[in-house]
Amino acid sequence: MQTPSYLTPEALSTFIRTALAEDVGDGDHSAQAAIPAEARNRAHLLVKDAGVLAGVELAHLIFREVDPELQVEQLLADGARVQYGDIAFTVEGRSRSILTAERLVLNCMQRMSGIATHTAHLTTLLSGTKARLLDTRKTTPNFRLCEKWAVLIGGGVNHRYGLFDMIILKDNHVDYAGGIRQAVKATQAYLASTGRQLPIEVETRTLAEVQEALEVGGISRIMLDNMAPPMLREAVALVAGRLPLEASGGITEEIIADVAATGVDFISVGALTHSTKSLDMSLKAY
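Computed from a prediction, not measured in an experiment: that's the story for all the values here. (Residues numbered from 1 in each chain as written. Predicted model: local features only at pLDDT ≥ 70, side-chain atom pairs only at ≥ 80, totals over all residues. Heavy atoms only, no water.)

Chemist: Would you mind going over the pattern of salt bridges in detail, with residue names and values included?
Modeler: Here the structure, examined in full by the defined rule, presents 12 salt bridges. As a salt-bridge pair, Arg 111 and Glu 147 come within 3.1 Å of each other at their nearest N and O atoms. Here Glu 147 lies in helix α5 (residues 144-153) and Arg 111 lies in helix α4 (residues 95-124), a separation of 36 residues in the sequence. Across the pair, exposure class does not vary: Arg 111 and Glu 147 are buried alike. Bridged by salt links that share partners, the residues Asp 67, Glu 69 and Arg 94 form one connected network. (Salt bridge = Lys/Arg side-chain N within 4 Å of Asp/Glu carboxyl O. Helix = DSSP H or I, 4+ residues; strand = E, 2+ residues; numbered from the N terminus. Buried < 20%, exposed > 50% of the residue type's maximum accessible area, 1.4 Å probe, protein only.)

Chemist: Talk me through the sheet that holds strand β5 (residues 87-94); I want residue IDs and the actual numbers.
Modeler: The strand order β3-β5-β1-β12 describes an open sheet built from 4 strands, whose pairing is antiparallel. Each edge of the open sheet carries a strand with a single partner, namely β3 (71-74) and β12 (281-285). Neighbour-to-neighbour, the strand axes of the sheet open up by a mean angle of 20 degrees, direction not taken into account. Of the pairings in the sheet, the one linking strand β1 (residues 40-47) to β12 comprises 5 bridges and is antiparallel in character. Bridged to Ala 43 within β12 is Ala 285. Seen against the sheet, α4 touches β1, β5 and β12 and runs at an angle of roughly 160 degrees to β5. (Pairing = 2+ DSSP bridges. Axes fitted to C-alpha atoms, helices over the stretch in contact; angles between N-to-C directions. Contact = heavy atoms within 4.5 Å.)

Chemist: Lay out the sheet that holds strand β11 (residues 266-268) with the relevant residues and their values.
Modeler: Read across the open sheet, the 6 strands follow the order β6-β11-β10-β9-β8-β7; overall the sheet is parallel. The open sheet has two edge strands, β6 (132-134) and β7 (167-169), and neither has a second partner. For this sheet the average axis-to-axis angle between neighbouring strands, irrespective of direction, equals 25 degrees. Where strand β9 (residues 221-225) lies against strand β10 (residues 245-248), 4 bridges are found, and the strand directions are parallel. By the bridge assignment, Ile 222 is partnered in β10 with Leu 245.

Chemist: Tell me about helix α3 (residues 56-66), residues and numbers included.
Modeler: Given 3.6 residues per helical turn, the α-helix brings residues three or four places apart onto the same face. For α3, the set of buried residues is Val 56, Leu 58, Ala 59, Ile 62 and Phe 63. Seen along its axis, α3 keeps its buried residues to an arc of 150 degrees; they face one direction. Residues of α3 that are buried make contact with α1 (9-24), β3, β5, α4, α5 and β12. (Arc of directions from axis to C-beta.)

Chemist: Give me the lowdown on the layout of surface pockets, citing residues and values where you can.
Modeler: One way to see where empty space is left: roll a probe the size of a water molecule over the atoms. Estimates place the volume of the largest pocket at around 430 Å³. Lining the largest pocket are 25 residues, with Thr 136, Lys 138, Ser 248, Ser 268 and Gly 270 sitting closest to its centre. For the lining of the largest pocket, the secondary structure elements donating two or more residues are α4, β9, β10 and α11 (271-274). Among the residues making up the lining of the largest pocket, the classes are represented as 6 nonpolar, 10 polar and 9 charged. By volume, the second largest pocket amounts to about 370 Å³. Surrounding the second largest pocket, 14 residues form its lining, Phe 15, Ala 19, Glu 22, Asn 142 and Phe 143 being those nearest its centre. Contributions of two or more residues to the lining of the second largest pocket are made by α1 and α4. At 6 residues, the largest contribution of residues to the lining of the second largest pocket is made by α1. For the lining of the second largest pocket, a count of residues per class yields 6 nonpolar, 5 polar and 3 charged. (1 Å grid on protein atoms, 1.4 Å probe; cavity = no way out; pocket = protein on both sides within 12 Å on 5 of 7 lines; lining within 4 Å. Points joined across faces, edges and corners; volume = space filled by probe spheres on them. Nonpolar A, V, L, I, M, F, W, Y, C, P; charged D, E, K, R; others polar.)

Everything listed is a geometric property; what it means functionally is a separate question.
Right, dumping it as structure tokens:
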């Protein structure tokens, strides 16, 4: 997997330090009260669900931030298929440090593994089609980096990271601007005046809007919003390969295969990040 642009050392460090500050505050008083400062111990990450493992690389960074002297032995990598009872890694060092890092490691890995598992499952339902599974911006505030990373680990594709790296003219943009043509022309003028080069995607709700998006030109993708498979097939035929098409809106596990079979290029599913059950796991002393 190619490292995405948002996974910079600076971004990862900022996330980890902010998360630790939220949890630890002025000190892990439980560990400091109960455990001698010189005590050393070890623990392992026990998987208690079946799924796809994610967050191992991040766990390394969290342990290192808490205590650079903690020693992690990785047994399973991100993307590995896991079952109940599997051990992802062991960690050894100061007991207090292990306890302080424990909850952040588990919160990240459980959530990321749940997302990777769900992504991998939906991706299998697209087998035999050209459709690729996309995530969305429907992410947990301040946790987007981890959630989008987990989608990649599960075999999905990241859509835009935020509002700054791609323009999507959605229904409200179009309605406020007075129509697709007006929204696209205003956007193109804005990009020209600011010297920015950003891809433009336009959301459409009807076949007439698809035709309008084709006619105005200068866009990179058309989103087909809340269209049933028969209308999606009509849209695919209308566009005839001139632009990539993304199906979006209300796409569930039950219908995603039918949507993929219409010939669209992408299917975006917000539920990958907003409605996924975490994978159960524990950090156990041994």
